[in-house]
Amino acid sequence: MPEAPKILSDSADCIDDIVVENNNKVLKFIEDVTADADEVQRRVLSEILSRSANVEYLQRYGLNGCTDRETFKKVIPVVTYEDLKPDIERIANGDTSPILCSQPISEFLTSSGTSAGERKLMPTIEEELGRRSLLYSLLMPVMSQFLPGLDKGKGMYFLFVKSEAKTPGGLVARPVLTSYYKSSHFKNRPNDPYTNYTSPKETILCLDSYQSMYSQLLCGLFQNEDVVRVGAVFASGFIRAIQFLEKHWSLLCKDIRTGTIDSKITDPSVREAVMKILKPNPKLADFVEAECSKGSWKGIITRLWPETKYIDVIVTGTMSQYIPALDYYSNALPLVCTMYASSECYFGINLNPLCNPSEVSYTLIPNMAYFEFLPVTRKDELTGSISEPTALNDKEKQQLVDLVDVKLGQDYELVVTTYAGLYRYHVGDILRVSGFKNKAPQFNFICRKNVVLSIDSDKTDEVELQNAVKNAANQLLQYEASLVEYTGYADTSAIPGRYVLFWELSVKDSTLIAPAVFEDCCFTVEESLNSVYRQGRVCDKSIGPLEIRVVENGTFDMLMDFALSQGSSINQYKTPRCVKYAPIIELLNSRVISSYFSPKCPRWTAGHKQWCTQN
Ligand code: AMP
């Protein structure tokens, strides 16, 4: 993620000195909060609880205004979104009493994690924007320790907003980055050398994804020699930009040649902002055209933006599937994961940003929230699934570990208490302790709990997939066919990636089932998947049509034999609902009889389904 420390005054003689001074201040801040991590955590919890002493939620559990860790841990339960849903729904429906937080809920941040197929709603308060800005402000001073000169060039970042909705009670509900880009913290950020982006804010704030992408690429290409770093939030977004360039470079070159902007870009504010930058440049147009029309796109990033020093994208977690493509397009430029954040709270930063993607660890910044950790064990290396240790009983589960008490090498599930009204809330991420910065632990991101399939920001869990597949497979019953077994995988070998499901059927006469029936099954699965998946299909076009591959009878027995040969226990073997391991995918692919694609996009509307009917 881009963003930077604030330059306090630009009237000083030497901007370089200010940058250095500001960087040093930020690095000192990191030293201090990590050295004093436990005390900072104590203060954060006490501050949250004293401010929220009057809120209904804490009173319900009898906290009685206590602000110490011991009482808090004794009386307040560890919860999931489902536990909070009734309270969140009251707020969404317009109850403005202090239910979760003493400060007014300013909006809901819509998480990519879902509940009953809809985005989870995370309450937030105005001051959280400041906390997010603070985390952003740490990134460039850290980066600059490793790569000097970043203040001398521009960042080409592909950043986008998504549509927003209103809850029945009138609160805005939108993704956290949309909220941030639309805030004055981003729009009116002071000029400084680290916030020098090629994309004018109007191009980022344009809701039409084609116009936004086209105009951001046009500005990025036009300023190609100034660009020293490129990026997007997630790797999938950056790859999408490169793929867009593959499709549209000739139109973009025409605009660069003539200094005009294509008529498909109709948003007046985007046109005006781009026209302030664009001038006719036939030489640059020739150069871009020559590079793009060469047969291979290997190294296209360094060819078109020759001064680029790194790609700033998240490639941890499921995004690691895009590393080979990024290496190919960039001739293996460093891939830099700078931060770890969510709608609930921004968590931490990577203090060693040039490390290998497989070694990325995030240092949680102790003053962002109060953090606790539930120990978990890894269950199945083959499918990557995670389980809580069976030895933990309910009482022990409440005794979570504090930030400074986590153990090196141990896996934990992250639990947060935030300024915005979440108390001991399961985020759903599994982290492994990889080291310490002073007293503050550093974590590898291991995975999101229960997620089986993900292409972009979609996170489909096992239950959602199971229900979607069941809905679709029901359609086969009328043809005297039934689903024996299934599994899935996220195929990102082409962009956009897509969900592939392998189905083994029991069927009386397969000639009775027309291809359209299976296509309908693909569509029914998509219609049954969660709102984030459907938005990716419909709106962002970041996910391609779902595919069902029917495999020969006996394939899933072979899969079990394979797992057993790799050391799985026969008593515990369950068909994995997602596969990632290349030899297994190869085995499944070698047994495919036929394959079918979803013929159309599923339905999607902004906001929760029930709001549309209520509004
Ligand atoms: P959302 O609630 O939609 O903002 O998504 C937040 C989730 O995205 C986190 O809880 C993680 O599961 C995932 N995420 C965010 N940052 C990272 C990161 N740096 N590496 C891996 N996953 C991440």
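The name given to the chain in an unreviewed UniProt entry is Indole-3-acetic acid-amido synthetase GH3.6, with Gossypium darwinii as the source organism. Under Sequence similarities (unreviewed entry), UniProt gives the following word-for-word description of the chain: "Belongs to the IAA-amido conjugating enzyme family."

Okay, the site of the ligand next. In the region of the ligand, 15 residues are neighbours, and Ser112, Thr316, Ser343, Tyr362 and Asp429 sit closest. Here a nitrogen atom of the ligand sits 2.9 Å away from a polar atom, N or O, in the main chain of Met339. Across the complex, the protein chains shield 91% of the 500 Å² of accessible surface that the ligand would expose by itself. No other element matches strand β9 (residues 339–341), which puts 3 residues into the shell around the ligand. Its residues placed into classes, the shell around the ligand shows 7 nonpolar, 5 polar and 3 charged.

Glancing now at the side chain of Glu291. Along the chain, Glu291 turns up in helix α13 (residues 282–293). Only 3.2 Å separates the side chain of Glu291 from the side chain of Lys294, close enough to count as a polar contact. The contact partners of Glu291, leaving out residues within four places of it in the chain, are Ile300, Arg303 and Leu304.

Counted according to the given criterion, the structure contains 23 aromatic pairs. Both rings, one in Phe72 and one in Tyr370, keep their centres 6.1 Å apart while their planes meet at 70°; by these two values the pair is edge-to-face. Residue Phe72 is located in helix α4 (residues 69–75), and its partner Tyr370 is located in strand β12 (residues 370–380); the two are separated by 298 residues in the primary sequence. The same class applies to Phe72 as to Tyr370, namely buried. Taking 6.0 Å as the distance between ring centres and 10° as the angle between the ring planes, the aromatic pair formed by Tyr489 and Phe502 counts as stacked. Remark: Phe502 occurs in strand β21 (residues 498–507) and Tyr489 occurs in strand β20 (residues 481–491); sequence separation between them is 13 residues.

Right, let's get into the packing of helix α17 (residues 462–473) against helix α18 (residues 515–528). Their axes nearest at 8 Å, the elements α17 and α18 cross at an angle of 145°. Judged by the twist between their axes, the crossing of α17 over α18 is right-handed. Contacts between α17 and α18 pair Ala468, Val469, Asn471 and Ala472 from the former with Cys521, Thr524, Val525 and Ser528 from the latter. Taken together, the residues that form the contact of α17 with α18 break down as 5 nonpolar, 3 polar and no charged.

Attention now moves to the side chain of Asp151. Along the polypeptide, Asp151 turns up in the loop between α6 (128–146) and β3 (154–158). Take Asp151: its relative accessible area is 16%, and that puts it in the buried class. At 3.0 Å, the side chain of Asp151 and the side chain of Lys152 are in polar contact.

Turning our eyes to something else, we now look at the domain arrangement of the chain. Interfaces are frequently sized by the accessible area removed from exposure as the parts join. Domain assignment breaks the chain into domain 1 (121–348) and domain 2 (450–595). The gap between the C-alpha centroids of domain 1 and domain 2 is 33 Å. With 11 residues of domain 1 at the contact, the number on the domain 2 side is 13 residues. Across the interface of domain 1 and domain 2, roughly 1,000 Å² is buried in total on both sides, 44% from carbon and sulfur atoms. Taken as a group, Lys162, Arg240 and Gln321 account for 43% of the area that domain 1 buries against domain 2, more than any other trio of residues on that side. The interface formed by domain 1 and domain 2 includes 2 salt bridges. With a shortest N-O distance of 3.0 Å, Asp540 and Lys162 are connected by a salt bridge. The tally of links between domain 1 and domain 2 comes to 6 residue pairs in polar contact (both at pLDDT 80 or more). A per-element tally of the side of domain 1 that touches domain 2 places helix α11 (residues 235–258) first, with 4 residues. Of the residues assigned to the side of domain 1 that touches domain 2, the class counts are 3 nonpolar, 6 polar and 2 charged.

Rules of the game
Residues numbered from 1 in each chain as written. Predicted model: local features only at pLDDT ≥ 70, side-chain atom pairs only at ≥ 80, totals over all residues. Heavy atoms only, no water. UniProt positions renumbered as here; feature names shortened; annotations may be inferred. Near = heavy atom within 4 Å. Polar contact = N/O pair within 3.5 Å; in protein donor to acceptor, adjacent residues only side chain to side chain. Areas by Shrake-Rupley, 256 points an atom, 1.4 Å probe, with all protein chains shown as cover. Helix = DSSP H or I, 4+ residues; strand = E, 2+ residues; numbered from the N terminus. Nonpolar A, V, L, I, M, F, W, Y, C, P; charged D, E, K, R; others polar. Contact = heavy atoms within 4.5 Å. Phe/Tyr/Trp six-rings, centres within 6.5 Å; stacked < 30°, edge-to-face > 60°. Buried < 20%, exposed > 50% of the residue type's maximum accessible area, 1.4 Å probe, protein only. Axes fitted to C-alpha atoms, helices over the stretch in contact; angles between N-to-C directions. Left-handed = near helix turned anticlockwise from the far one by under 90°. Domains from an automatic or database assignment. Buried area = accessible area lost by both parts, 1.4 Å probe. Salt bridge = Lys/Arg side-chain N within 4 Å of Asp/Glu carboxyl O.

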